[in-house]
Amino acid sequence: MSNFVNSKTVYGPVKSWRFGLSLGIDPIFETSTCSFNCVYCQLGHIQDITSLHKEYVPTQKILDDLKEKLDANTEIDVITYSGSGEPTLASNLSDIIDGIRTLAPTLPQYILTNATELHHQSVRDALVKLDKIIVKIDAADEELFSRVNRPASGITLSSVISGILELKKVYDGDIEIQSMFMPMNDKEFDEYAAILKKINPSAVQLNTPKRPYPLSWHRENRGNHEAIFDYEVRELKVISPERAKEIETRLTKATGLTILSVYR
Ligand code: SF4
């Protein structure tokens, strides 16, 4: 067990530019664990880069932590699965979703996922119970995908896209794409627009890494939107508001999709 002050699997609510007051659920928790190791990750360098599915935190601990928040009458607009890594690696995700539905039936449940695990039937079966699924696409070709997302072995951009298309066959709710743009990946418009059109999401969130890259793992990084850090961080190269506007305009024209920019 690590020594962080924050020993809770439920954090926030954090103010999300898209979803309002979002209460974070962390089914990974103990160390940063993800099937990606994105160059911009707010958690810093991922400690365990893996595709291993297992129970990382007991379901009951998450439900107990949530109950504390609910009992305190915390104002919440939405529950969001995210936290210390990739939430779909948690083999008990389906049970957690059901438990939270029972405790808070009126709260919408969303997930932020890197979409690497959607080829697993068990993951799709869990995700179809959610109200919105936000998948990550940061690159338009395999080479850039390897450099930006630095995935666990065996994961490719092509496997991510085919997983999303598999999910779409069984999920009627909203699938949104979230893309992190930096100067290293903001140029391949045509290829990126083609991927967007293939997936045909209900919206595309155009983002840029406004939070710096921590040089060590801190559980507090999960929900720190205040940009206050008492540990070493490195600023990341972001795209400018003008560049974001240009990308938004070009993508809207090329795809006809709803493009939402963090700079709006
Ligand atoms: S997918 Fe999310 S948690 Fe995983 S490395 Fe990328 S930004 Fe971090």
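Up top is the structure these notes are about.
Below, the structure is looked at part by part. Only a predicted model underlies this, so the values are computations on that prediction, with no experimental measurement involved.

### A short note on the pairing of strand S8 (residues 174–180)
Part 1: The buried count for S8 comes to 6 of 7 residues, which makes it a mostly enclosed element.
Part 2: Bridging between strand S7 (residues 132–136) and S8 involves 5 bridges; their strand directions are parallel. Among the inter-strand pairings, Ile133 is bridged to a residue of S8, identified as Ile175.
Part 3: As paired strands, S8 and strand S9 (residues 203–207) are joined by 5 bridges and run parallel to one another. Bridge pairing in S9 places Glu176 opposite Ala203.

### Quick word on unusual backbone geometry
Trans peptide bonds make up the majority, and among non-glycine residues the majority have a negative phi.
Part 1: The linkage connecting Gly12 with the following residue, Pro13, adopts the cis geometry, with an omega of 10°.
Part 2: Not every positive phi belongs to a glycine, and Asn73 is a case in point at roughly 55°.
Part 3: Here Asn73 is to be found in the loop between helix H1 (59–71) and strand S5 (78–81).
Part 4: Its identity is not glycine, yet Asn200 carries a phi of approximately 50°, on the positive side.
Part 5: Structurally, Asn200 is set in the loop between helix H6 (189–199) and S9.

### Observations concerning the packing of aromatic side chains
Part 1: Enumeration over the complete set of coordinates arrives at 3 aromatic pairs.
Part 2: Both rings, one in Phe36 and one in Phe145, keep their centres 5.5 Å apart while their planes meet at 75°; by these two values the pair is edge-to-face. Placement of the pair is Phe36 in the loop between strand S3 (33–34) and strand S4 (48–49) and Phe145 in helix H4 (residues 142–149), with a sequence separation of 109 residues. Here the two residues Phe36 and Phe145 agree in accessibility, since each one is buried.

Calculation rules
For every chain, the first residue of its written sequence is number 1, and the numbers climb from 1 along that sequence. Reporting in this predicted model follows two pLDDT cut-offs: at least 70 for local features of residues, and 80 or more for side-chain atom pairs to be given and counted; totals over whole chains, interfaces and linings ignore these cut-offs and use all residues. Excluded from the side-chain calculation are hydrogens and water; included are all heavy atoms of the structure. Each residue is assigned to one of three classes by its accessible area relative to the maximum for its type, calculated with a 1.4 Å probe on protein chains only: buried under 20%, partly exposed between the two thresholds, exposed over 50%. Secondary structure elements are defined from DSSP: runs of H or I of at least 4 residues count as helices, runs of E of at least 2 residues count as strands, and each element is numbered from the N terminus. A pair of strands is treated as paired once DSSP finds two or more bridges between them. Classification of ring pairs uses Phe, Tyr and Trp, with its six-membered ring standing for Trp, and accepts pairs whose centres are within 6.5 Å; under 30 degrees between planes counts as stacked, over 60 as edge-to-face, and the remaining range as tilted.

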